[in-house]
Amino acid sequence: MDQLRTYAVFRKELIHIKRDPSSLIQIVLMPITLLLLYGFALTFDIRNVPLAVMDRDGTQVSRDFVQRFAGSRYFRLSHKVESYDQAYNLLDTGRARLALVVPHDFSRDIKEGGETKVQVILDGADANTANIVLGYVQAIVSGYNQEVMVERMRPRGVIKMKPPLNPEPRVWYNEELESRNFIVPGLVVVIMTMVGALLTSLCVVREAERGSMEGLMASPLLRSELILGKLGPYFIIGMVDMAIAMGMGQWLFEVPMRGSWLLMIAASALYLLVMLGQGLLISVAAGNQLQANQMAMLTTFLPALLLSGFMFDVRQMPMALQVFSYIVPAKYFVKITKDIYLKGLGFHYFLKDALFLIGFAALFLALAVRRFRKKVR
């Protein structure tokens, strides 16, 4: 393999990228835009849930109970209503996600030691959010029940009751339970998937559409020189985008990096080779640039977003999708990024995942070269 001929193809591809405004926009703005949109907009932290309250009791006891919700960081008292119709209207229009109805005899039942009921009307259109909010409600009510029981037992000489079971939870790897701490590392995977696959998926089919491929093949260039020369610029661009994503995650979103930076860079380079190989395979298989773009979206971006474990736990999916996820390269890189970012693990903990990525890279590049040979003949 001649290094000068490979460099000539490399330089030609760089010049084409510089002259192609659409490619430049994708290359420069894609990681920044994705991180800003997903990093700030995508969150699983449920806070400041708009709350509508109908306090029919209107006493100090009921107001203290309502204040437990209003004073929580999970709820925001947005409306006080006087009727069910007003509460239903707020829920229907989305101005409230939760309606709390305190009955007339709330304070009387509490003082007399009886049992009272509080109605909670919850917007369940988003089942995941509704379950989380319901957990917050139950936690607040449970805390209030414990205090009321202490007050009732105090006249009997019981000053403080100790529960038989006192859990002391300790959260590992993401102590603050901030969703951005696992979303941002996953975005590194999505960004490298898009840069590696979407851009390289056009590099060969574009030459074929313009009629310049025959000229390249008539030159003394070897196929390996042509392929390496074309993939080289996108490898450098992918690593630059990876550096931008990791830098924004570190200083803008303040995501902790507990593992080795060098190990993360090496794993990213390996995954980028996988995506470059897959993008090249798509490019030599597609008939035109539109088809290549669509194939890249369907086979790389969507699986990386949905079946890699980035946003959804694969183990909770149907068995057929769990099996299918094993052929999604992003699944292995998502695990590696979380192991390095959040757990600070070393290479030997994810050696198996790295070997899978090496296998995918070799497979895609080999298939691309073989398909490329058939196509240009």
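Predicted model only: the values in this text are computed from it and were never measured. (Residues numbered from 1 in each chain as written. Predicted model: local features only at pLDDT ≥ 70, side-chain atom pairs only at ≥ 80, totals over all residues. Heavy atoms only, no water.)

Novice: Which parts of the structure should I look at to understand the overall build of the protein?
Specialist: When you go through the protein residue by residue, the secondary structure sums to 15 helices and four strands. If you take every contact in the protein between residues at least 6 apart in sequence, the share linking residues at least 24 apart comes to 78%. Just so you have it, the protein exposes about 20500 Å², and 60% of that area is on carbon and sulfur atoms. (Helix = DSSP H or I, 4+ residues; strand = E, 2+ residues; numbered from the N terminus. Contact = heavy atoms within 4.5 Å. Areas by Shrake-Rupley, 256 points an atom, 1.4 Å probe, with all protein chains shown as cover.)

Novice: Even after reading the chapter, I still don't get the nonpolar core, so can you show me in this structure?
Specialist: A general trend in soluble globular proteins is that nonpolar side chains are found buried together. Leu35, Met264, Tyr271, Leu280, Phe310, Phe333 and Leu357 are the most contacted members of the largest nonpolar core, which has 79 residues in total. Examining the composition of this core, we find that 14 residues originate from one element, helix α11 (residues 261-285), more than from any other. Apart from residues no more than four positions distant in its own chain, methionine 264 is found in contact with Val188, Met246, Met257, Phe333, Thr337, Ile340 and Tyr341. Of all hydrophobic cores here, the second largest spans 20 residues; its members include Leu51, Phe75, Val133 and Val148. (Core = buried A, V, L, I, M, F, W, Y, C linked by side-chain atoms within 4.5 Å. Buried < 20%, exposed > 50% of the residue type's maximum accessible area, 1.4 Å probe, protein only.)

Novice: How should I be thinking about helix α3 (residues 60-70) in this particular structure?
Specialist: Residues separated by three or four positions in an α-helix point in the same direction, a consequence of the helix having 3.6 residues per turn. Among all positions of α3, only Val61, Ser62, Phe65, Val66 and Phe69 are buried. Take α3 and look down its axis: the buried residues cluster within an arc of 135°, on one side only. Its buried side turned inward, α3 meets β1 (49-55), β2 (75-80), β3 (98-102), α5 (106-111) and α6 (127-153). (Arc of directions from axis to C-beta.)

Novice: Is there a simple way to explain the packing of aromatic side chains in this structure?
Specialist: Scanning all chains against the criterion turns up 14 aromatic pairs. Taking 5.3 Å as the distance between ring centres and 40° as the angle between the ring planes, the aromatic pair formed by phenylalanine 65 and phenylalanine 106 counts as tilted. One end of the pair, phenylalanine 65, is in helix α3; the other, phenylalanine 106, is in helix α5, and 41 residues separate them in sequence. We classify phenylalanine 106 as buried; its relative accessible area is 2%. Here the aromatic residues Phe65, Phe69, Tyr74, Phe75, Phe106, Tyr136 and Tyr144 are joined through ring pairs into a cluster of three or more. Directly above the ring of tyrosine 326 sits lysine 331, whose terminal nitrogen or CZ lies 3.6 Å from the centroid. The ring of tyrosine 173 carries the charged tip of lysine 343 above its face, separated from the ring centre by 5.1 Å. (Phe/Tyr/Trp six-rings, centres within 6.5 Å; stacked < 30°, edge-to-face > 60°. Lys NZ or Arg CZ within 6 Å of the ring centre and 35° of its normal.)

Novice: It is not clear to me how a nonpolar patch on the surface should be interpreted in this structure. Could you clarify?
Specialist: On the surface, Ile32, Leu36, Phe40 and Leu252 cluster together to form a nonpolar patch covering roughly 350 Å² of accessible area. Tracing the backbone shows leucine 36 in helix α2 (residues 21-41). Residue leucine 36 is classed as partly exposed on the basis of its relative accessible area, which comes to 36%. (Patch = residues over 30% accessible without salt bridge, like charges linked within 9 Å, V, L, I, M, F, W, Y side chains within 5 Å. Salt bridge = Lys/Arg side-chain N within 4 Å of Asp/Glu carboxyl O.)

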